[in-house]
Amino acid sequence: MELNPVYDPKTLTQSKVNMIEGTRYRYVRSDGSGKNIKYVFSPLPNQRKTSEISFNSTKLGIRCQEIKGITYEPPKEQTVVQMGLL
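Each chain has its residues counted from 1, following the order in which its sequence is written. pLDDT decides what is reported in this predicted model: residues at 70 or higher carry local features, side-chain atom pairs at 80 or more are listed and counted, and totals for whole chains, interfaces and linings draw on all residues regardless. Excluding hydrogens and water, the side-chain values take into account all heavy atoms of the structure.

A. Structural context of the pattern of salt bridges. Each reported salt bridge corresponds to a side-chain nitrogen of Lys or Arg within 4 Å of a carboxyl oxygen of Asp or Glu. Taken as a whole and judged by the stated rule, the model has 5 salt bridges. The residue Arg29 makes a salt bridge to Asp31 at a minimum N-O spacing of 3.3 Å. When salt bridges with common partners are traced through the structure, they connect Glu21, Lys49 and Arg63 into a single cluster.

This is how it looks when you write it as structure tokens:
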């Protein structure tokens, strides 16, 4: 597993998987404007942490690392058709 530090927030996408303090997260959105932008991450399913985490651009470069070669695709919605017995 190859980890690359995320120094440039422009490289963040929702399909990339990031490692933050031993937990896998995906980028969700950015909040704020100007110099007060916060980058929000949500943990992937089946991780021990369940709450969102946010960083400014300085903390992003220190704590967030991209896992190279792994992407996240949200689960597809499945439509279930229940057949009744006649």
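Moving on from the model shown.
B. Structural detail: a nonpolar patch on the surface. A cluster of nonpolar side chains, namely Met1, Leu3 and Ile70, defines an oily patch on the protein surface of about 280 Å² accessible area. One can find Ile70 in strand β6 (residues 64-71). A simple rule labels every residue: compare its accessible area, found with a 1.4 Å probe on the protein chains alone, to the largest value its type can have, and call it buried under 20%, exposed over 50%, or partly exposed in between. Among the residues examined, Ile70 registers a relative accessible area of 32% and is labelled partly exposed. Residues enter patches when their relative accessible area tops 30% and they take part in no salt bridge; the joining distance is 9 Å for like charges and 5 Å for the nonpolar side chains Val, Leu, Ile, Met, Phe, Trp and Tyr. Each accessible area value is a Shrake-Rupley result obtained with a 1.4 Å probe; residue values ignore everything except the protein chains displayed when judging cover. The numbering of helices and of strands both runs from the N terminus, where a helix is a DSSP run of H or I of at least 4 residues and a strand a run of E of at least 2.

C. Spotlight on unusual backbone geometry. Of note, Glu21 is a non-glycine position whose phi angle comes to about 50 degrees, a positive value. Accessibility expressed as a relative area gives 44% for Glu21, which makes it partly exposed. Phi angles above zero are rare outside glycine, and Asn46 is one such case at about 65 degrees. With respect to the secondary-structure elements, Asn46 resides in the loop between β4 (38-43) and β5 (53-55). We classify Asn46 as exposed; its relative accessible area is 82%.

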